[in-house]
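What the coordinates show
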Amino acid sequence: MISVFDLFKIGIGPSSSHTVGPMRAARAFVRLLRHAGLLAGVARIEAALYGSLALTGEGHGTVNAVLLGLEGADPANVDPAWLLARAGQLRAGAALQLGGEHTVDFAFARDLQLNKHQFLPRHANGMRFRAFSADGAELCREVYYSVGGGFVQTEAELDAPPAGGLAVPYPFASAAELIALCRAQNRSIAQLVMANECAHRSEAEVRRGLLDIAAVMADCIQRGSGHDEAELPGGYRVRRRAPAIMKKLTQLQYAGRADIMLWPMVYAIAVSEENAAGGRVVTAPTNGAAGIIPAVLQYYRNFAPNASDEGVVDFLLTAAAIGMLYKMNASISGAEVGCQGEVGVACSMAAGAYCAVLGGTLAQIENAAEIAMEHHLGLTCDPVGGLVQVPCVERNGVAAEKAIKVAQLALLENGEHLVSLDKVIETMLRTGQDMQHSYKETALGGLALTVGVPAC
Ligand code: SF4
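I will try to describe carefully the structure that is included in this document.

Cut-offs applied
- Residues numbered from 1 in each chain as written.
- Predicted model: local features only at pLDDT ≥ 70, side-chain atom pairs only at ≥ 80, totals over all residues.
- Heavy atoms only, no water.
- 1 Å grid on protein atoms, 1.4 Å probe; cavity = no way out; pocket = protein on both sides within 12 Å on 5 of 7 lines; lining within 4 Å.
- Points joined across faces, edges and corners; volume = space filled by probe spheres on them.
- Helix = DSSP H or I, 4+ residues; strand = E, 2+ residues; numbered from the N terminus.
- Nonpolar A, V, L, I, M, F, W, Y, C, P; charged D, E, K, R; others polar.
- Domains from an automatic or database assignment.
- Patch = residues over 30% accessible without salt bridge, like charges linked within 9 Å, V, L, I, M, F, W, Y side chains within 5 Å.
- Areas by Shrake-Rupley, 256 points an atom, 1.4 Å probe, with all protein chains shown as cover.
- Salt bridge = Lys/Arg side-chain N within 4 Å of Asp/Glu carboxyl O.
- Buried < 20%, exposed > 50% of the residue type's maximum accessible area, 1.4 Å probe, protein only.
- Phe/Tyr/Trp six-rings, centres within 6.5 Å; stacked < 30°, edge-to-face > 60°.
- Lys NZ or Arg CZ within 6 Å of the ring centre and 35° of its normal.
- Pairing = 2+ DSSP bridges.
- Axes fitted to C-alpha atoms, helices over the stretch in contact; angles between N-to-C directions.
- Contact = heavy atoms within 4.5 Å.

**Quick notes on empty space enclosed by the protein**
The tally for this structure, following the rule as stated, stands at three cavities of 30 Å³ or more. Estimates place the volume of the largest cavity at around 140 Å³. Lining the largest cavity are 17 residues, and of these Gly288, Glu342, Cys381, Val388 and Cys392 sit closest to its centre. The leading source of residues in the lining of the largest cavity is helix H18 (residues 392-412), at three residues. Of the residues in the lining of the largest cavity, the class split is eight nonpolar, five polar and four charged. Looking at which domains feed residues into the lining of the largest cavity, each of domain 1 (12-159) and domain 2 (175-450) gives three or more.

**Regarding a nonpolar patch on the surface**
Nonpolar side chains collect at one region of the surface, where Val390, Leu447 and Val451 lie side by side and expose about 210 Å² of accessible area between them. Its place among the elements puts Val390 in the loop between helix H17 (362-374) and H18. Among the residues examined, Val390 registers a relative accessible area of 33% and is labelled partly exposed.

**Considerations on the packing of aromatic side chains**
Scanning the entire structure with this criterion turns up five aromatic pairs. With a centroid separation of 5.5 Å and 20 degrees between ring planes, the pair formed by Phe29 and Phe129 is classed as stacked. Within this pair, whereas Phe29 is found in helix H2 (residues 16-35), its partner Phe129 is found in strand S6 (residues 126-132), the two being separated by 100 residues in sequence. Residues Tyr299 and Phe303 carry aromatic rings whose centres are separated by 5.0 Å and whose planes lie at 35 degrees to one another, so their mutual orientation is tilted. Within this pair, Tyr299 and its partner Phe303 are both found in helix H13 (residues 292-303), separated by four residues, close to a single helical turn. Among the aromatic side chains, those forming a connected cluster through ring pairs are Phe29, Phe129 and Tyr144. A cation sits over an aromatic face here: Arg44 above Phe132, 4.4 Å from the ring centre.

**Looking at the sheet that holds strand S2 (residues 44-50)**
In space, the five strands of this open sheet follow the order S5-S2-S6-S7-S8, with mixed pairing throughout. Because the sheet does not close on itself, it has two edges, and the strands there are strand S5 (112-115) and strand S8 (151-154). Ignoring strand direction, the axes of neighbouring strands in this sheet form an average angle of 25 degrees. Bridging between S2 and S6 involves six bridges; their strand directions are antiparallel. Each bridged residue has a counterpart across the sheet, and for Glu46 the counterpart in S6 is Arg130. H2 contacts S2, S6, strand S7 (138-148) and S8 of the sheet and is inclined by roughly 150 degrees relative to S7.

Here it is as structure tokens:
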């Protein structure tokens, strides 16, 4: 089992697998050197990015993330503005402070390698770090894979995953098991996941942690709506749209002419634009799809009768349970299964969670989560220019609206359905495995090809 706090992590944009994960991998390599007593003897460091990380590495902020990760930066609290400034210094030849404490030789053009046409064997998002002594001998090397949602594993961990995961009172490996457990224990999904979380921290800590996450999500909507209409970084001159849309929608609302379903769309666009600009976001369950859950949650708070903090906590716990099923049984990595694994999963999580806080039964919640994914099956990842902007920003808006509608649809029926959530998760994985790699976060296919300049 994984924790709700593994799925919802406070980090920075624009990508969980290409920004947050690589920064964590670089930090892990420095930790490895420190624990092995090698740090002080390192004279030169080398980082090599492979496959998708190399192809879309500049657009996704991977290179900057690795540089700062080697200096010890943490995605949870690094200042996005400082990150950009410091990465610029390192690219211009400033000495690299390994782990923030030890100066090493690092020449950007020589030591940060982008291997765009080479994929490491275990996953599309591979990285290799090497450390050398002053006489050029290799002191240490490690290969890491960023497997989606900011999760990072070494080659050995991918080959032989550590058994068990979190020890919890109510482990589940499928939606069928989750629902059976809830029925047997007479608990809601949120109550069951809360009981699992309480094996490792107090209920008060879990609630506080979840409300903190919800607050960061709300802040992100606020910041994304309040900015001027500046261009997003990356050279495609994509402008932020959320501020102007928000103003127009507010005017329409006062005039009684607003379509209420435009609100979740603009909330999601605001968060996604913050993410695209490298701002502070919550990975939910990835950064590319970080707008959907905050948007549906904000819609719940603003428009659902009797919305409460209790409801917010239940929403996030239910969403996390659904996300765990995808993480454990399929993938939440666009590089592995395409955008169905990012936007599709976030939509499924949000649909089930929204259905739950509106009073849905277990069958209705499962139905909502299943419908949301069923209609994202086959969704490719084709970011123009390798940037998490087009189609990602709008895609979040459309998926947020879809999650709410799907939840409402499920609530109108009795929960009986032909396609189970487990079957749709299995189908998503198989579809992703069948997809050509040009449609899996390489910026070599789809809109990236017809609209943008290919990244290779
Ligand atoms: S297209 Fe989807 S999976 Fe690909 S970068 Fe954008 S949001 Fe992520």
